[in-house]
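# Topology and contacts: notes
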Amino acid sequence: MASSGGVRNGVGPRMSAKPDRQGFSATPKTAAGKQRLSSSAAAAGGAYRRTSSGPLPSRAASDGVSSRVRVAVRLRPRNAEELAADADFGDCVELQPELKRLKLRKNNWESETYEFDEVLTEFSSQKRVYEVVAKPVVESVMEGYNGTVMAYGQTGTGKTFTLGRLGEEDTAARGIMVRAMEDILADITHGTDSVSVSYIQLYMEMIQDLLDPVNDNIAIVEDPRTGDVSLPGATVVEVRDQKSFVDLLRVGEAHRVAANTKLNTESSRSHAILMVNVRRSVKGRTEMDVSISGENGHSSSMMGSLRPPIVRKSKLVVVDLAGSERIDKSGSEGHTLEEAKSINLSLSALGKCINALAESSPHVPVRDSKLTRLLKDSFGGTARTSLVVTIGPSPRHRGETTSTIMFGQRAMKVENMVKLKEEFDYKSLCRRLDIELDKLIAENERQRKYFDDEVERIRAEAQCRIAEAERECKITLENEKMKYHQEYLDSIRIMEEKWKVHQQSPKKQNKEAESTSNNTGEVHNLLQNEKMLRQSAEDEASDLKNQVSHWKKLEATATAEVVKLRKMLDAEASQKEKLEEEIDVLRSQLLQMSMEADETRRSLDKGDGPGKIFPGLDSLVSQTRGSQPREQSNGPKQPIAKLFEQVGLKKILSLLESEEPDVRVHAVKVVANLAAEEANQEKIVEAGGLTSLLTLLRSSEDETIRRVAAGAIANLAMNETNQDLIMDQGGVTLLSMTASDAEDPQTLRMVAGAIANLCGNDKLQTRLRGEGGIKALLGMVRCGHPDVLAQVARGIANFAKCESRAATQGNKVGKSLLIDDGSLPWIVKNANNEAAPIRRHIELALCHLAQHEVNSKDIINEGALWELVRISRDCSREDIRRLAYRTVTSSPTLQAEIRRLGIKM
């Protein structure tokens, strides 16, 4: 969002001089009434500049490297109004860019001189401003250091033009945000590096998401160990190209709050903060060498170094502060006046912090404003910071110009201790180990399958050969047997025929005796031939038996080879088990290394030397095994956080399924305590904790377990993502069943709190009512306990607020679901309850229901109109009283009824 027409048209790419890459000086001085710096002091200042602006070391020490805040001043050219009004007056400032000085005129004969790190005239191009102010910071961010670029100045002096100009019509007019992202995307490696952005605004001390306007109250989370602040609720978008980034900036600028004042037609009414997170992998710093050796080329063990990869996580913060303004000059009134007050208060808090840092005060009031909390790392922290202060030339605004210049002078005295943001990438190492394990397992399975196939092939081939030999031998023996048997029968038959002939012819006996003798010789010859054939058959049978014996030997050899292969497979299986054991050991070592790294970081934060980092890794496993019994013996005396780190979330969740009631009770209490901290909720849900709690709520009959489980679910239900998961897993139905069965007021209070948290989600209204959530809330009023009634009232107020918000956004909605479920009589009955929390929520719910015109008839019929009139008159809280009055006066139906009843508002 550009500031004014003068800045938009006046600052152009007319200056072609190259930016000075040397270090900036940091000594302000006055021309009148003060001595000049000596030559020795100037030399010392030059040496200091070279030290602070030189290249940062690749590995920062534990205490960081000192780096001063660099400040540049930029002059806006006169706009059309100033050219007309100040035509007879000269500029109140005189720039000396070659000397990096600025003269502020008090009158025609007296002026004060100030020195800055860089002086940018009204003719300085956007490119020069970027290269002088922001490019060194961007280069540091790409090297692994945090960096901040911030613009400060009076409203309408060109802060937004300097930082956030998109340059769609004129590329030369691109601001620092667009140019910085161009350099970042050009320097990263796609695939291994990543860039993500968040874009927020601080409006009226509320942090709002410019990329998701519904997210209008983001909480600041501070790490209790390191003191770093973060915004986990802000939208984070990964950026892959310049076009998508410009689209994000365009969306954010469209949602940023602006107003028309006498000083600026497009005055920013909020502080805009762009956060760019850069994650880069450090190449060539560490490798995992794996050697595989063994007999017959099979893998046996995995040896190598386990140093995980190193990643650098840095952050670039670009801050476009809202302009300071004087009320009498800007003409702000009404809501614009409230915005101006909030802007001036936050800028005043920032000025106090910078004064304290410049004067080395022991106390820096960073908690006076959310702006100072967000910029805690930029001033006096670990980031490299560059500030550009923007001023105007008009003598009418000499006071504001003087204040801006003095702000920059004080900021130049602030020293930061920049630190390299490196850490071990244990997740990447674990993924590499898993991939290597999968490869070894796949290779083992392939070899085993090959061996099994080979054994089956040899066995099948041997069986086929043996069966073929037996079949051939059997056929040959049968053929020979039949042949010789037939010849034998033929010979007997011939001899019998001849004997019969011989008996029938005695006369021919003598004659045939000789013939018989010859025949006998023939028979004898035949018998000899038969013996020879039999011998030949026996020899052939012997040969066949030898062949069978040979095939049996081959079968025995194949069997021996199969046994050998089985032994080899058993050996491979044993090696696989050893390999899996080694992998388990490696994983345990990886976990211990992670714990040691955390201890190392804590030691570094406390000031311990870097020599304590790696010696602990050598004895980590033995120390961990030795310390486990002692840690377990402490038992419940340990804090919940320590127990969470040592035992592990999965182990704690597994105890929820224990058969011992006492164990389940203690386990669910630990989970509930962990769920109370927002930082642990995502881990609990990812580990299946939400499913375990719902299962426990469904199956357990122990009242204590049900109460604590319902409380843990209520804590998890404070997160919008978890609310969808609770609905998807039937959580509302379980909570409704518990509400109908339970009698203990504390259990009912936990269940009512969980349903009340779900009632605040606009997307779950219909589902929540359809699954009986509203009726369950109304059913719990039977208890009558004030705590339970307070939670019921809070849930009804949240539900009514969501319905009212949907109606004001233009969505088509019918009569309130709360009224359909019969909640209005109870609301009217308890609208004047003695308990303040119950009364406050009921009053809000009644106001929200009455804002929708379709509910007016029910409001009148149930007597709720009288309560609204009473709230608008007698409510102790002014905001609710105003809301009730505005609701009653804006409804035509309610106004008509009030006139009919003669009620005076």
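Cut-offs used in this document
- Residues numbered from 1 in each chain as written.
- Predicted model: local features only at pLDDT ≥ 70, side-chain atom pairs only at ≥ 80, totals over all residues.
- Heavy atoms only, no water.
- Helix = DSSP H or I, 4+ residues; strand = E, 2+ residues; numbered from the N terminus.
- Contact = heavy atoms within 4.5 Å.
- Areas by Shrake-Rupley, 256 points an atom, 1.4 Å probe, with all protein chains shown as cover.
- Buried < 20%, exposed > 50% of the residue type's maximum accessible area, 1.4 Å probe, protein only.
- Phe/Tyr/Trp six-rings, centres within 6.5 Å; stacked < 30°, edge-to-face > 60°.
- Pairing = 2+ DSSP bridges.
- Axes fitted to C-alpha atoms, helices over the stretch in contact; angles between N-to-C directions.
- Polar contact = N/O pair within 3.5 Å; in protein donor to acceptor, adjacent residues only side chain to side chain.
- Parallel < 35°, antiparallel > 145°, perpendicular 65-115°, else oblique.
- Nonpolar A, V, L, I, M, F, W, Y, C, P; charged D, E, K, R; others polar.
- Disulfide = S-S within 2.5 Å.
- Patch = residues over 30% accessible without salt bridge, like charges linked within 9 Å, V, L, I, M, F, W, Y side chains within 5 Å.
- Salt bridge = Lys/Arg side-chain N within 4 Å of Asp/Glu carboxyl O.
- Arc of directions from axis to C-beta.
- pLDDT = per-residue confidence, 0-100.

## Brief notes about the overall build of the protein chain
Regarding its fold elements, the protein chain presents 34 helices and 19 strands. A separation threshold of at least 6 residues defines the contact pool for the protein chain, and within that pool the share at least 24 residues apart is 74%. In the form shown here, the protein chain has an accessible surface area of approximately 47000 Å², with 51% of it arising from carbon and sulfur atoms.

## Looking at helix 32 (residues 864–874)
Helical periodicity: at 3.6 residues per turn, an α-helix aligns residues three or four positions apart in one direction. Counting buried positions along helix 32 yields eight of 11 residues, so the element is predominantly enclosed. The complete set of buried residues in helix 32 reads A864, L865, E867, L868, V869, R870, I871 and S872. Lining the buried residues of helix 32 we find helix 29 (824–829), helix 30 (836–850), helix 31 (856–861), helix 33 (878–890) and helix 34 (892–901).

## Thoughts on the packing of aromatic side chains
According to the stated counting rule, one finds two aromatic pairs in the structure shown. Their ring planes at 10° and their centres at 3.7 Å tell us that Y152 and F407 sit as a pair that is stacked. You can see Y152 sitting in strand 7 (residues 147–153) and its partner F407 sitting in helix 11 (residues 398–411), a full 255 residues away along the chain. Classification of F407 as buried rests on a relative accessible area of 2%.

## Points about the sheet that holds strand 4 (residues 101–105)
Here we have three strands laid out as an open sheet, ordered 3-4-5, and antiparallel in their pairing. The open sheet has two edge strands with one neighbour each: strand 3 (93–96) and strand 5 (111–115). The average angle at which neighbouring strand axes cross in this sheet is 20°, direction not considered. Note: strand 4 against strand 5, five bridges, orientation antiparallel. Considered in strand 5, the bridge of L104 is made with E112. Most of the contacts of helix 11 go to strand 4, to which it runs at about 145°, and overall it touches strand 3, strand 4 and strand 5.

## A short note on the side chain of S804
Structurally, S804 is set in helix 27 (residues 786–808). Once residues lying within four places of it in the same chain are set aside, the contact partners of S804 are H848 and Q851.

## Some thoughts on unusual backbone geometry
Even without glycine at this site, E205 takes up a positive phi of about 60°. Following the sequence through the fold, E205 ends up in the loop between strand 8 (194–203) and strand 9 (206–209). Under the relative-accessibility criterion, E205 is labelled partly exposed at 28%. The backbone phi angle of S360 is positive, close to 55°, even though this residue is not glycine. Within the secondary structure, S360 is located in the loop between helix 9 (335–358) and helix 10 (370–374). Taking the relative accessible area as the measure of exposure, S360 reaches 63% and is therefore exposed.

## Overview of the side chain of T372
Secondary-structure assignment places T372 in helix 10. A distance of 2.7 Å separates a polar side-chain atom of T372 from the backbone oxygen of S369. Here T372 is in contact with A349, L350, C353, P365, V366 and R367, once residues within four sequence places are set aside.

## Comments concerning the packing of helix 24 (residues 745–759) against helix 27
Remark: helix 24 packs on helix 27, axes separated minimally by 8 Å, with the N-to-C direction vectors making an angle of 10°. In this view, helix 24 runs roughly parallel relative to helix 27, as classed from their interaxial angle. Residues P745, Q746, L748, R749, A752, G753, A756, N757 and C759 of helix 24 touch helix 27, and the partners they reach there are D787, V788, Q791, V792, R794, G795, N798, F799 and C802. Of the residues in the contact of helix 24 with helix 27, the class split is nine nonpolar, six polar and three charged.

## A word on the environment of H271
Its place among the elements puts H271 in strand 15 (residues 271–281). The buried category is assigned to H271, whose relative accessible area is 2%. H271 sits 51 residues away from A322 along the chain, and the two C-alpha atoms are 5.0 Å apart. Leaving out residues up to four positions away in the same chain, H271 has contacts with I200, Q201, L202, R256, D320, L321, A322, I343, S346, L347 and L371. Within the structure, H271 has its side chain in polar contact with the side chain of S346 (distance 2.7 Å).

## A short note on the state of the cysteines
Per the counting criterion, the structure on display carries zero disulfides. Looking at C802, it has no disulfide partner, and the nearest cysteine sulfur is the one in C759, 8.0 Å off. By relative accessible area, which is 3% here, C802 ends up buried.

## Quick notes on a nonpolar patch on the surface
A surface patch of nonpolar side chains, amounting to about 340 Å² of accessible area, comprises Y488, L489, I492 and M495. Overall, Y488 belongs to the partly exposed group, its relative accessible area being 41%.

## Topic: the pattern of salt bridges
Inspection of the entire model under this criterion finds 38 salt bridges. Ionic pairing is found between R877 and D879, a salt bridge with its closest N-O pair at 2.7 Å. A residue is classified by how much of its surface remains accessible, and R877, at 35% relative accessible area, is partly exposed. Shared partners join several salt bridges into a network, and the residues in it are E168, K243, D247 and R250.

## Overview of helix 19 (residues 678–686)
Of all the residues in helix 19, the buried ones are N680, Q681, I684 and V685. Buried residues of helix 19 fall within an arc of 135° about the axis and therefore sit on the same side. In helix 19, the exposed positions that point more than 90 degrees away from the buried face belong to A679, E682 and E686. Count one or two residues on from helix 19 and you reach G688, which has phi positive near 85°.

## Comments concerning the confidence of the model for the protein chain
Put simply, the protein chain has an average pLDDT of 78, and 79% of its residues get 70 or more. Residue range residues 286–305 is modelled with pLDDT below 50. Its contacts to residues more than four positions away, or to other chains, number 46 contacts. Here residues 604–639 is a poorly scored stretch, pLDDT under 50, and it has 22 contacts once near neighbours within four places are set aside; other chains count.

## Let's talk about the environment of A739
Of note, A739 is situated in helix 23 (residues 731–741). Judged by relative accessible area, which is 2%, A739 ranks as buried. Along the backbone, A739 and V751 are 12 residues apart, and their C-alpha atoms lie at a distance of 6.6 Å. For A739, the residues in contact, after removing those within four places along its chain, are L748, V751, A776, M780 and R782.

## Topic: the pairing of strand 8
A large share of strand 8 lies buried, amounting to nine of its 10 residues. Across nine bridges, the pairing between strand 8 and strand 15 is antiparallel. The residue bridging S198 from the neighbouring strand is M275, located in strand 15. With four bridges joining them, strand 8 and strand 9 adopt antiparallel strand pairing. The partner of Y203 across the bridge, within strand 9, is M206.

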